[in-house]
Amino acid sequence: QNLAQYQTWFGPAAYLVHAIQIIPVTPVTESLLEPSFVREEAPVLSASCDASPRCDEDGWRPFSTMAKAIVDRAGAWEEARA
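An account of the accompanying structure is given in this report. (Residues numbered from 1 in each chain as written. Predicted model: local features only at pLDDT ≥ 70, side-chain atom pairs only at ≥ 80, totals over all residues. Heavy atoms only, no water.)

A few points about the packing of aromatic side chains
And then number 1: All told, the structure shown has 3 aromatic pairs when counted by the stated rule.
And then number 2: The interplanar angle of 85° and the centroid separation of 5.2 Å between the aromatic rings of W9 and F10 together place this pair among those described as edge-to-face.
And then number 3: By relative accessible area, which is 80% here, W9 ends up exposed.
And then number 4: Residue F10 is classed as partly exposed on the basis of its relative accessible area of 36%.
And then number 5: Each ring, one from W60 and one from F63, has its centre 5.6 Å from the other, and the planes form 50°; the classification is tilted. (Phe/Tyr/Trp six-rings, centres within 6.5 Å; stacked < 30°, edge-to-face > 60°. Buried < 20%, exposed > 50% of the residue type's maximum accessible area, 1.4 Å probe, protein only.)

Below you can see the structure in the form of structure tokens.
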């Protein structure tokens, strides 16, 4: 079978597809996620959250902020404080 799907079992939203690539977030997450991956992934996740109120309502925004902290600590801190 040659099927590729852009969705998760709990929803098709882009923030879901991208956030599950970085969870669970633990003290070693920063060591496990390559900065190059995060630089590519974080903007997509953030833009998807910005486009959907459900991202915040369902609690996915912090994963975007935590991923951002790997490559932009100051920016992530400001985002977390907002």
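The rest of the description comes next.
Brief notes about the nonpolar core
And then number 1: Within the largest apolar cluster, 13 residues are counted, with the highest numbers of intra-cluster contacts made by Y15, V38, L45 and W60.
And then number 2: When residues of this core are traced back to their parent elements, those giving at least two are α1 (14–19), α3 (35–51) and α5 (61–71).
And then number 3: Per-element tally for this core: the top contributor is α3, with 4 residues.
And then number 4: Every residue in contact with L45, bar those within four places of it in the chain, is listed here: Y15, H18, A19, I22, F63 and S64. (Core = buried A, V, L, I, M, F, W, Y, C linked by side-chain atoms within 4.5 Å. Helix = DSSP H or I, 4+ residues; strand = E, 2+ residues; numbered from the N terminus. Contact = heavy atoms within 4.5 Å.)

Thoughts on the state of the cysteines
And then number 1: Counted according to the given criterion, the structure contains 1 disulfide.
And then number 2: Each sulfur in the disulfide pair C49 and C55 lies 1.9 Å from the other.
And then number 3: A residue is classified by how much of its surface remains accessible, and C49, at 1% relative accessible area, is buried.
And then number 4: Of the residues examined, C55 reaches a relative accessible area of 0% and is grouped as buried. (Disulfide = S-S within 2.5 Å.)

Topic: a nonpolar patch on the surface
And then number 1: Side chains of W9, F10, I20, I23, V25 and M66 sit close together on the surface and give an oily, nonpolar patch of about 570 Å² of accessible area.
And then number 2: Residue placement: V25 occurs in the loop between α1 and α2 (29–32). (Patch = residues over 30% accessible without salt bridge, like charges linked within 9 Å, V, L, I, M, F, W, Y side chains within 5 Å. Areas by Shrake-Rupley, 256 points an atom, 1.4 Å probe, with all protein chains shown as cover. Salt bridge = Lys/Arg side-chain N within 4 Å of Asp/Glu carboxyl O.)

A look at the pattern of salt bridges
And then number 1: Counted under the stated rule, the structure contains 5 salt bridges.
And then number 2: The shortest N-O distance in the salt bridge between E79 and K68 comes to 3.2 Å. Of this pair, E79 sits in helix α6 (residues 73–81) while K68 sits in helix α5; the two residues are 11 residues apart in sequence, bridging distant segments of the chain.
And then number 3: Residue E79 is classed as partly exposed on the basis of its relative accessible area of 24%.
And then number 4: Classification of K68 by relative accessible area gives partly exposed; the value is 25%.

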